[in-house]
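An overview of the molecular structure
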Amino acid sequence: METIASISTAPGIGGIGIVRMSGEKCFEILNNIFIPRSDGKIKGYSIKYGNIINPDNNKIIDEVLVSYFVSPKSYTKEDMCEINAHGSNIILNEILELLLNNGARLAEPGEFTKRAFLNGRIDLSQAESVIDVINAKTEKEKQAAINQLEGFLSENIKKIKNMILNILVNIEVSIDYPEYDTPDVDRNKIYTELDNIKEELIKLENSFSTGKILKDGLSIAIIGRPNAGKSSLLNKILKEERAIVTNVEGTTRDTIEEFININGIPAKIIDTAGIRNAKDEIEKIGIEKAKKIAEKSDLIIAIFDITKKLEEEDFEILRLIENKNAIIILNKIDLCINEEKIPVEILETKKKYLKISAITGDGIEEIYNEISSMFCLDKIKPENNIIITNTRHKQSIKDALKNILNAEETLRLNFPEDIVAINLKDSIECLNSITGENVTDEIINNIFSKFCLGK
Ligand code: GDP
């Protein structure tokens, strides 16, 4: 394959920056521009110290360390090198340009990992996990991605495939060699085995609800009428002044989104525009958007100013949360001198309510605890479980399960066994698509196009 190169570290200034190269001509190209301080044969897993020079004028570009990886023991299974230079954009771009001028071509996003997959070092589900490892926002999300990278999901899929193959072999022997005295297929045994397979697939499919939370995070919308304290609450949660806090009604006209970490689970928290009957066109759009976001979110935090009487806008909010996961927040308890009265309309919702002060921070911790127990976040333990986090995998598992259910039905209806065999083969095909044994170039290109440059 062509030799590819790219800068692999993030743009910006850093202690070091890395330019990576992979392919047949890797060491030949490197030889043109790298003068190591010590001679000697290239060995894999070794590092040489020296200068990168421009061969046209012998000018030194930078003092570097070069790591060598000799095929097949490298990330891509090809000859590879990583040039560790000083972390300056100018230097890294100069080095990259030299590599390109000397016969390499610029790598596409994710092309190194794509080669690792195409050259058979990792399967597709492992390759997909690489981007999840890089993008992980919390420890638990990262753990789920690392497990997938280590091949736990692939192993599980292989195990299920073998279970299906076992049935298939039994059936096919009796179909292919009817003249031999092979024992009839034991249908009861097949039912039991299909049940076991179903159980495994359902377990994987169900893990996606957790996986989705791990990967996309919980979406939490904060709604409330203007001045209830939405922005103050968001700032308190984020421990920074992210949202503009003013006592002028209607300052949050659009939405603000931030990620927070609740017990290792990412949560996207959205501060919406205050709900009220706005006259201003822009504000009206903001309010409609807020309602839509609240409807789509996993959880609504409905915030009320405990020092004020409930008004029509508040009742509208109570109606909005009626059939949704919601926590009611009674804000500004620091302003309550006497024992505060909880409005009866709030008590009637039967929803959990918490008294807080977005200014002093009282009660904020309880919001975290409540969210955690509502979504059983403590029970999400990627270290001990295989969790599907990828929609593509979930769809393939669903399709595989459908074929197993079809096989069961075909058997029940006493159809010929070769039809059962077709259902089972289709199920295996669905599972193969997870590990990438039968996927089209289009799917592969689509997956890797979402990667960053240099990975
Ligand atoms: P929003 O319109 O719902 O986003 O409300 P803000 O967060 O902008 O707050 C409106 C006003 O109420 C500001 O002057 C805040 O300082 C004040 N405020 C918010 N929360 C509290 C609180 O818990 N206690 C007190 N005393 N004032 C608060």
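Located above this text is the structure these notes cover.
Read on for a plain summary of the structure. (Residues numbered from 1 in each chain as written. Predicted model: local features only at pLDDT ≥ 70, side-chain atom pairs only at ≥ 80, totals over all residues. Heavy atoms only, no water.)

**Quick notes on the overall build of the chain**
A tally of helices and strands in the chain yields 15 helices and 13 strands. For a compact globule of 455 residues, the expected C-alpha radius of gyration is about 23 Å, and the chain comes in at 29 Å, more than 25% above that figure. Counting across all 455 residues of the chain, residues that qualify as buried make up 50%. In the chain, the share of contacts with a sequence separation of at least 24, taken over all contacts with a separation of at least 6, comes to 67%. By element, 50% of the accessible surface of the chain is carried by carbon and sulfur atoms, the whole surface being about 23,200 Å². Taken together, the 59 basic and 74 acidic charged side chains of the chain have centroids lying 3 Å from each other. (Helix = DSSP H or I, 4+ residues; strand = E, 2+ residues; numbered from the N terminus. Rg over C-alpha atoms; globule rule 2.2 N^0.38 Å. Buried < 20%, exposed > 50% of the residue type's maximum accessible area, 1.4 Å probe, protein only. Contact = heavy atoms within 4.5 Å. Areas by Shrake-Rupley, 256 points an atom, 1.4 Å probe, with all protein chains shown as cover. Lys, Arg positive; Asp, Glu negative; His and termini not counted. Charge placed at Lys NZ, Arg CZ, Asp CG, Glu CD.)

**Observations concerning helix α4 (residues 124–135)**
Over its 12 residues, α4 extends 17 Å from the first C-alpha to the last, a length consistent with the 16 Å expected when each residue adds 1.5 Å. Most of α4 sits out of view: 9 of its 12 residues are buried. (Expected span 1.5 Å × (residues − 1).)

**Description of the site of the ligand**
Near the ligand you find 18 residues, and of these Asn227, Lys230, Ser231, Ser232 and Asp334 are the closest. Between the ligand and Ser232, the relevant distance is 2.5 Å, taken from an oxygen atom to a side-chain nitrogen or oxygen of the residue. A distance of 2.9 Å separates an oxygen atom of the ligand from a polar atom in the backbone of Ala358. Against a free-state accessible area of 570 Å², the protein chains account for coverage of 86% of the ligand. By residue number, the principal contributor to the shell around the ligand is helix α8 (residues 230–238), which donates 3 residues. Among the residues forming the shell around the ligand, the class breakdown is 6 nonpolar, 8 polar and 4 charged. (Near = heavy atom within 4 Å. Polar contact = N/O pair within 3.5 Å; in protein donor to acceptor, adjacent residues only side chain to side chain. Nonpolar A, V, L, I, M, F, W, Y, C, P; charged D, E, K, R; others polar.)

**Focus: the sheet that holds strand β3 (residues 34–36)**
In spatial order, the strands read β3-β4-β5-β6-β2-β1-β7; together these 7 strands make up an open sheet with mixed pairing. A single partner strand is all that each edge strand has here, and the edge strands are β3 and β7 (105–106). As defined by bridge partners, β3 adjoins strand β4 (residues 46–54) across 3 bridges and the pair is classed as antiparallel. Bridge pairing links Ile35 to Asn51 in β4. Packing against the sheet, helix α2 (residues 89–101) makes contact with β1 (4–7), β2 (14–22), β4, β5 (59–69), β6 (80–87) and β7, and its axis sits at approximately 150 degrees to β6. Together, β1, β2, β6 and β7 form the strand contacts of helix α3 (residues 111–118), whose direction differs from that of β1 by roughly 140 degrees. (Pairing = 2+ DSSP bridges. Axes fitted to C-alpha atoms, helices over the stretch in contact; angles between N-to-C directions.)

**Re the packing of α8 against helix α12 (residues 364–374)**
The N-to-C vectors of α8 and α12 enclose an angle of 80 degrees; their axes lie 10 Å apart at closest approach. What the angle tells us is that α8 and α12 run roughly perpendicular. Facing α8, whose interface residues are Leu233, Lys236 and Ile237, α12 presents Ile364, Ile367 and Tyr368. Across the contact of α8 with α12, the residue classes break down as 5 nonpolar, no polar and 1 charged. (Parallel < 35°, antiparallel > 145°, perpendicular 65-115°, else oblique.)

**Observations regarding unusual backbone geometry**
Going from Ser71 to Pro72, the amide bond is cis rather than trans, its omega being 5 degrees. Along the chain, the position of Pro72 falls in the loop between β5 and β6. Phi angles above zero are rare outside glycine, and Lys350 is one such case at about 60 degrees. By secondary structure assignment, the location of Lys350 is in the loop between α11 (344–348) and β13 (353–355). Residue class for Lys350 comes out exposed when judged on its relative accessible area of 73%. One non-glycine residue, Cys376, adopts positive backbone phi at about 50 degrees.

**Some thoughts on the packing of aromatic side chains**
This model, assessed by the stated rule, comprises 4 aromatic pairs. Ring centres of Tyr45 and Phe69 lie 6.1 Å apart, and the angle between their planes is 85 degrees; on these two criteria the pair is classed as edge-to-face. Pair noted here: Tyr45 is in the loop between β3 and β4 and Phe69 is in strand β5, with a separation of 24 residues, a long-range link. Through pairs of rings, three or more aromatic residues link up here, namely Phe117, Phe448 and Phe451. Over the ring of Phe112 we find Arg20; its NZ or CZ atom is 5.1 Å from the centre of that ring. (Phe/Tyr/Trp six-rings, centres within 6.5 Å; stacked < 30°, edge-to-face > 60°. Lys NZ or Arg CZ within 6 Å of the ring centre and 35° of its normal.)

**Here's the deal with the nonpolar core**
Grouped together as the largest cluster of nonpolar side chains are 33 residues, with contacts concentrated most on Ile220, Leu233, Ile301, Ile371 and Leu377. Looking at this core, the elements that each hand over two or more residues are α7 (187–216), β8 (218–224), α8, β9 (256–262), β10 (265–271), β11 (299–305), β12 (326–331) and α12. In this view, Ile301 contacts Ile220, Ala221, Ile222, Ile223, Leu233, Ile327, Ile329, Ile367 and Ile371; residues no more than four positions away in its chain are not counted. Ile164, Ile171, Ile404 and Ile428 belong to the second largest nonpolar core, which has 28 residues in total. (Core = buried A, V, L, I, M, F, W, Y, C linked by side-chain atoms within 4.5 Å.)

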